Amino acid sequence: MTEWIPLLALPNFEIKKAIGVEKFALASKHDKRIAKLASTHKNFARFLRSFSDEFGEPLVPSILIYRADAPPSYRTVEAITGFRDAVAMSIIPRSWAHRIVHGHSSGVAYSDYFISYPWMIDKDYNHLITTSLNMAGLHDVHLLRAQGLPALPKHVVDQGPIDEPLLKTLLARWEDCFSGHPTSNDDVRLFRSLNMSNAAARLPAQADVTQLDIGRAVALWASAFEILSPKQSAAYLSVYDLLAKNAWKKKSCRELAYKAHAPKNDLSLRSLPCWIYGQIYLARNDFLHGNPVDRGRLTVPPARQSVYYFAAILYRMALAAFVDLKEVITPGREGETELEAHMRQYSRFGRYQEDIETALTSIMHTADEFRRIKNRVD
């Protein structure tokens, strides 16, 4: 059996089922590949056992691993972070959608969960090593008392919150981009944008958070959108065109009924997603260009919620358009009813986009109004 080699540890969440491609994966210590490494190398097993939160509660880190016969290009920092960003953006937007639609804050909604631990076992499984912009070091694994980031609730990520259609497509693009073959301009833009989205999705601050922190995060989100669809000027119009490429399911997301931000002589109406991006764009300009901002600058009517809550959700649809994510209708199965076929297809694709669109449409209603509408639909 080909050997698997650990690269980095992500201590802030446990991935229940491994995510990856043939020769590169993110898995927990319960995965058979990592379990085999731990049984063979006692220092690696000790490293895995050393993680806890700030109160001493054990943590199960997720580990990035690669197969020994993987191309060297998989082991570059760019490839590693590109994989991380693809996985993060297949989880975070849907977590935000669930927060808005279902009113609870469980789920991995911030990319801090994907921050890697700076120390790792060396290639000979003898010592701990670290290399960063801040330091380079060598240490004894027996002395390690590893911790995750403080004030991040422990999460176990199963298949439930993962946007499966998007993840599958992004990982296919990752293999193409980092296979060692010439990289297309589209792939360069995709992974630059994903990297920017990872920065945008960080917790803006901890207990000392201010509107300025939130505004900075919104500005980073705007850049993540515009990297996908660059333009010399008025790049927001290019983002509008990108969003319009999606096959929107909900009428309120596809109808051209909103006066989105546009040049003064442009009187055309656009879709709700375009209107939301226009609000993100304008907020970015105010915060980065030093324009006056009051305490309610990020709050948008009629929901009276911060536009920040919708940035990651909308970004999912910009990604979907960029990678041409489309529903693939699979043939019916023998003995399957029409309803059964519909529900199978819905579970494979439709439910993921419906989560996103439902969350986006909530921006047009106050929390009480949206609750009544949702309950009536249910």
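Residues numbered from 1 in each chain as written. Predicted model: local features only at pLDDT ≥ 70, side-chain atom pairs only at ≥ 80, totals over all residues. Heavy atoms only, no water.

Asks: Please set out the state of the cysteines residue by residue, giving values where relevant.
Replies: Note on terminology: a disulfide is the covalent bond linking the sulfur atoms of two cysteines. Taken as a whole and assessed by the stated rule, the structure comprises 0 disulfides. Of the cysteine sulfurs around cysteine 253, a residue in no disulfide, the closest is that of cysteine 274, at 11 Å. You can call cysteine 253 buried: its relative accessible area is 0%. (Disulfide = S-S within 2.5 Å. Buried < 20%, exposed > 50% of the residue type's maximum accessible area, 1.4 Å probe, protein only.)

Asks: Any chance you could break down the packing of aromatic side chains for me, citing the residues and the numbers?
Replies: Evaluation of the coordinates by the stated rule reveals 21 aromatic pairs. Measuring from centroid to centroid gives 6.1 Å for phenylalanine 24 and tyrosine 74, while their planes differ by 85°, and the two rings are edge-to-face. Here phenylalanine 24, found in strand β4 (residues 24-28), pairs with tyrosine 74, found in the loop between β6 (62-67) and α3 (77-88); they are 50 residues apart in sequence, far enough to count as distant. Take phenylalanine 24 and tyrosine 74: they sit in the same class, and that class is buried. Judged by centre distance (5.4 Å) and plane angle (75°), the ring pair of phenylalanine 83 and tryptophan 174 falls under edge-to-face. Of this pair, phenylalanine 83 sits in helix α3 while tryptophan 174 sits in helix α5 (residues 164-177); the two residues are 91 residues apart in sequence, bridging distant segments of the chain. Taking relative accessible area as the criterion, phenylalanine 83 reaches 0% and is therefore assigned buried. Here the aromatic cluster, defined as three or more aromatic residues joined through ring pairs, consists of Phe24, Tyr74, Phe83, Trp174, Phe178 and Phe191. The ring of tryptophan 4 has arginine 33 lying over it, and the distance from NZ or CZ to the ring centre is 4.6 Å. Seen from the ring of tryptophan 96, arginine 99 lies directly overhead, with NZ or CZ sitting 5.1 Å from the centre. (Phe/Tyr/Trp six-rings, centres within 6.5 Å; stacked < 30°, edge-to-face > 60°. Helix = DSSP H or I, 4+ residues; strand = E, 2+ residues; numbered from the N terminus. Lys NZ or Arg CZ within 6 Å of the ring centre and 35° of its normal.)

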